[in-house]
Amino acid sequence: MATGVTIRREFIQLGKELGLSGEQLSAYVNENAEREITRLEEEEKRVRKEEEEKEKRVRQEAEETRKHEQALKDKDLELERERAQAERERAQAEMQRTRQKEIEMSLTRDMAENRLSTHSPIPSSQGNGSIDKVMSFPVETFNPHIEGIDQWLTRFQELAISYDLPEDKWALKASQHLKGKAYVYTRLTQDNKNNFEELKSSLLRHFDVSAESYRRRFRTLRKDRHETYHQLADHLQLSLQQWLKLSGNPDTYEGLNQLIMVEQLRDAMPLDVRRFVDEQGAHKLDDIVTCADRFATAQEKSPHRKETTPDSKPVHLT
């Protein structure tokens, strides 16, 4: 920036060139020099302020970037901790299942060897001591985070048969290994407390276990952030197997073909046709086709029949 002396000299020279002298020159120099000095000082202040604001913005952006990067690092660390914890829990659950199965297999083997040596089965109804002994075989408590209730019930039945547990004790034994949401034993009537099939039906209803629920699960299952695609494939395979099993179709190519055909046919039906088929209780492909055709024929003969429009076409349900 030019100094005040330099500016005054410039205006003296300019005034002389304009023909000014004496007091006129002095007044001209004072007025214009002061104005120019003030303008230059304000310009310098403005430039300095802009530079300070720019430096402040740079510092703020740098701080925000640092905080964002730190937040990402913290998030990654938290996710890593969650993954590690999930892996530890999964490994512990797997170890528990393995130990339980080893115990069950060992006890089953010991019992079988004992029967072979004595040539006589363990009594199932002679005295409380015998019942207590049979009732004491190990069963893993149901955990909905590890397996489905239908799988647990199947495994329990296999164990109960292996240990010769009388069927009228199945419900009581199973209830000892149910907790939380699964403990529905107390809801059974007094007449049904020894009825395992009633307990089983109640549990399946309570957990919404049906061919339809496994169909929805198979169609909507997605990878959890803590699992691998191999585990996802296992879950999908299990859901498909249970869907096929509970649908009543055989575990064959023909059974799978029937399962897929029924789903696709139902999805291709308008809502009113599908509702009629459901009301008729049709589940097999031939029965569904027969009911749907009967409904369509009745609709065509009806004087109040509505024309099918593109909007009435069904979407794929999941």
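Before reading on, note that the structure itself is shown above.
Residues numbered from 1 in each chain as written. Predicted model: local features only at pLDDT ≥ 70, side-chain atom pairs only at ≥ 80, totals over all residues. Heavy atoms only, no water.

Asks: For this particular structure, what's the right way to read the packing of aromatic side chains?
Replies: Pairs of aromatic rings are described using the distance from one ring centre to the other and the angle between the two planes. Counted according to the given criterion, the structure contains 9 aromatic pairs. Aromatic pair F11 and Y28: ring centres 6.2 Å apart, planes at 65 degrees, arrangement edge-to-face. Taken together, the residues F11 in helix 1 (residues 4-17) and Y28 in helix 2 (residues 22-118) connect sequence positions 17 residues apart. Given a relative accessible area of 18%, Y28 falls into the buried group. Each ring, one from W152 and one from F156, has its centre 5.6 Å from the other, and the planes form 15 degrees; the classification is stacked. Of this pair, W152 and F156 both sit in helix 4 (residues 149-162), separated by 4 residues, roughly a single helical turn. Judged by relative accessible area, F156 falls into the buried class, the value being 1%. The ring centre of F137 lies 4.8 Å from the NZ or CZ of K173, which sits over that ring. Positioned above the aromatic ring of Y229 is the side chain of K223, whose terminal nitrogen or guanidinium carbon lies 5.2 Å from the ring centre. (Phe/Tyr/Trp six-rings, centres within 6.5 Å; stacked < 30°, edge-to-face > 60°. Helix = DSSP H or I, 4+ residues; strand = E, 2+ residues; numbered from the N terminus. Buried < 20%, exposed > 50% of the residue type's maximum accessible area, 1.4 Å probe, protein only. Lys NZ or Arg CZ within 6 Å of the ring centre and 35° of its normal.)

Asks: Teacher, can you tell me more about helix 10 (residues 271-279) here?
Replies: Because each turn of an α-helix spans 3.6 residues, side chains separated by three or four positions end up pointing in the same direction. Considered for burial, the residues of helix 10 that qualify are V273, R274, F276 and V277. In an axial view of helix 10, the angular spread of the buried residues amounts to 160 degrees, which keeps them on one side of the axis. Seen from the open side of helix 10, the exposed residues pointing more than 90 degrees away from its buried face are L271 and E279. As for helix 10, its buried residues are in contact with helix 9 (253-267) and helix 11 (285-301). In the segment just after helix 10, G281 is the residue with positive phi, at about 70 degrees. (Arc of directions from axis to C-beta. Contact = heavy atoms within 4.5 Å.)

Asks: Would you mind going over the environment of F295 with me for this structure?
Replies: Along the chain, the position of F295 falls in helix 11. Judged by its relative accessible area of 16%, F295 falls in the buried class. Sequence separation between F295 and D272 is 23 residues; the distance between their C-alpha atoms is 9.2 Å. Here F295 is in contact with D272, V273 and F276, once residues within four sequence places are set aside.

Asks: I tried to follow helix 7 (residues 211-220) on my own but got confused; where do I start?
Replies: Listing the buried residues of helix 7 in full gives A211, S213, Y214 and R215. Tucked inside the fold, the buried residues of helix 7 contact helix 4, helix 8 (229-246) and helix 9.

Asks: Got a minute to help me understand the nonpolar core in this structure?
Replies: With 30 residues, the main nonpolar core has I149, W152, F156, L199 and L203 as its most contacted residues. Looking at this core, the elements with two or more residues in it are helix 4, helix 5 (170-175), helix 6 (196-206), helix 7 and helix 8. Apart from residues lying up to four places away in sequence, F156 is in contact with V139, W170, K173, A174 and F196. Of all hydrophobic cores here, the second largest spans 11 residues; its members include V273, L285, I288 and F295. (Core = buried A, V, L, I, M, F, W, Y, C linked by side-chain atoms within 4.5 Å.)

Asks: Any chance you could explain a negative patch on the surface here in plain terms?
Replies: Among the surface-exposed residues, E51, E52, E53 and E55 lie close enough to one another that they form a single negatively charged patch. Tracing the chain through its elements places E52 in helix 2. (Patch = residues over 30% accessible without salt bridge, like charges linked within 9 Å, V, L, I, M, F, W, Y side chains within 5 Å. Areas by Shrake-Rupley, 256 points an atom, 1.4 Å probe, with all protein chains shown as cover. Salt bridge = Lys/Arg side-chain N within 4 Å of Asp/Glu carboxyl O. Lys, Arg positive; Asp, Glu negative; His and termini not counted. Charge placed at Lys NZ, Arg CZ, Asp CG, Glu CD.)

Asks: What's the story with the packing of helix 7 against helix 8 in this structure? I'm lost.
Replies: Any two packed helices are characterised by the angle at which their axes cross and by the distance between the axes. Running from N to C, helix 7 and helix 8 cross one another at 155 degrees; their axes reach a closest spacing of 8 Å. Taken as axis vectors, helix 7 and helix 8 run roughly antiparallel relative to one another. Between helix 7 and helix 8 lies a crossing whose hand is left-handed. Contact with helix 7, carried on its side by A211, Y214, R215, R217, F218 and R219, involves H235, L236, S239, L240, Q242, W243 and L246 of helix 8 and no other residues of that element. Here the residues of the contact of helix 7 with helix 8 are counted per class, giving 7 nonpolar, 3 polar and 3 charged. (Axes fitted to C-alpha atoms, helices over the stretch in contact; angles between N-to-C directions. Parallel < 35°, antiparallel > 145°, perpendicular 65-115°, else oblique. Left-handed = near helix turned anticlockwise from the far one by under 90°. Nonpolar A, V, L, I, M, F, W, Y, C, P; charged D, E, K, R; others polar.)

Asks: When you look at the side chain of Q242 in this model, what are you seeing that I'm missing?
Replies: With respect to the element layout, Q242 can be found in helix 8. Relative accessible area serves as the criterion here: at 10%, Q242 is assigned to the buried category. Here the side chain of Q242 touches D150 through a polar contact of 2.3 Å, side chain to side chain. If we skip the residues at most four places from it in the chain, Q242 touches D150 and Y214. (Polar contact = N/O pair within 3.5 Å; in protein donor to acceptor, adjacent residues only side chain to side chain.)

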